[in-house]
Amino acid sequence: MLDPIFTSDDKKYLTPAQLVLDIKRELYDHNGRINLVELAKIIGVDLAHINDHLNEVLKTNKVIQSLLGQLIDSPYIQ
């Protein structure tokens, strides 16, 4: 079963796997630090979808941390 995540404008949809990939890609594109609200706007989905899939991102990549509404990559801290 496909569980689509519709964008804010309802013109496109993402799969959960694609959303997780987009989150990681945007974190990389922003040099290891991005605000979750900004991330939701860039990807074009509701912030609730970002929060729903955040645990999967954190679980699959141990160097990413969620801190005070931001995603931070360990190399950014160093």
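The structure displayed is predicted, hence computed values, not measured ones.

Enquirer: How should I be thinking about the pattern of salt bridges in this particular structure?
Expert: If charged atoms from side chains of opposite charge come close, those side chains can pair. Using the criterion set out here, one finds one salt bridge in the structure. Salt-bridge contacts for Arg-25 lead to Asp-22; the nearest nitrogen and oxygen are separated by 3.6 Å. Here Arg-25 pairs with Asp-22, and both are found in helix α1 (residues 16–29), just three residues apart, close to one helical turn.

Enquirer: Whenever I open this one, the UniProt feature "domain: E3 UFM1-protein ligase 1-like N-terminal" (unreviewed entry) in the chain confuses me. Can you help?
Expert: Per the UniProt record, "domain: E3 UFM1-protein ligase 1-like N-terminal" (unreviewed entry) is annotated on residues 2–78. Across residues 2–78, helical content stands at 52% and strand content at 19%; the span's end C-alpha atoms are separated by 39 Å.

Enquirer: How do you make sense of the pairing of strand β5 (residues 70–73) when you look at a structure like this?
Expert: The side chains of a regular strand alternate between the sheet's two faces. Burial along β5 is two-sided: Gln-70 and Ile-72 and Leu-71 and Asp-73, pointing in opposite directions, are all buried. When strand β3 (residues 33–35) meets β5, the two strands line up antiparallel, connected through three bridges. Paired with Asn-35 across the bridge in β5 is Gln-70. Across four bridges, strand β4 (residues 64–67) lies against β5 in antiparallel orientation. Each residue of the ladder has a partner; that of Gln-65, found in β5, is Ile-72. Following β4, the chain reverses through two residues before pairing antiparallel with β5; Leu-68 in that reversal takes a positive phi of roughly 50°.

Enquirer: Just checking my understanding: could you explain a nonpolar patch on the surface for this structure?
Expert: There is a patch of nonpolar side chains on the surface, built from Leu-2, Phe-6 and Tyr-13 and spanning about 340 Å² of accessible area. On the secondary structure map, Tyr-13 appears in strand β2 (residues 13–14). Relative accessible area serves as the criterion here: at 48%, Tyr-13 is assigned to the partly exposed category.

Enquirer: Just to check I follow, could you spell out the packing of helix α2 (residues 36–43) against helix α3 (residues 47–60) for this structure?
Expert: In a pair of packed helices, the angle between the axes and the distance between the axes together describe the arrangement. For the pair α2 and α3, the least separation of the axes is 9 Å and the interaxial angle reads 110°. In terms of orientation, α2 lies roughly perpendicular with respect to α3. α3 is crossed by α2, and the crossing has right-handed handedness. Residues Leu-36, Val-37, Leu-39, Ala-40 and Ile-43 of α2 lie in contact with α3, whose contacting residues are Leu-47, Ile-50, Asn-51 and Leu-54.

What counts, and where the lines are drawn
- Residues numbered from 1 in each chain as written.
- Predicted model: local features only at pLDDT ≥ 70, side-chain atom pairs only at ≥ 80, totals over all residues.
- Heavy atoms only, no water.
- Salt bridge = Lys/Arg side-chain N within 4 Å of Asp/Glu carboxyl O.
- Helix = DSSP H or I, 4+ residues; strand = E, 2+ residues; numbered from the N terminus.
- UniProt positions renumbered as here; feature names shortened; annotations may be inferred.
- Buried < 20%, exposed > 50% of the residue type's maximum accessible area, 1.4 Å probe, protein only.
- Pairing = 2+ DSSP bridges.
- Patch = residues over 30% accessible without salt bridge, like charges linked within 9 Å, V, L, I, M, F, W, Y side chains within 5 Å.
- Areas by Shrake-Rupley, 256 points an atom, 1.4 Å probe, with all protein chains shown as cover.
- Axes fitted to C-alpha atoms, helices over the stretch in contact; angles between N-to-C directions.
- Parallel < 35°, antiparallel > 145°, perpendicular 65-115°, else oblique.
- Left-handed = near helix turned anticlockwise from the far one by under 90°.
- Contact = heavy atoms within 4.5 Å.

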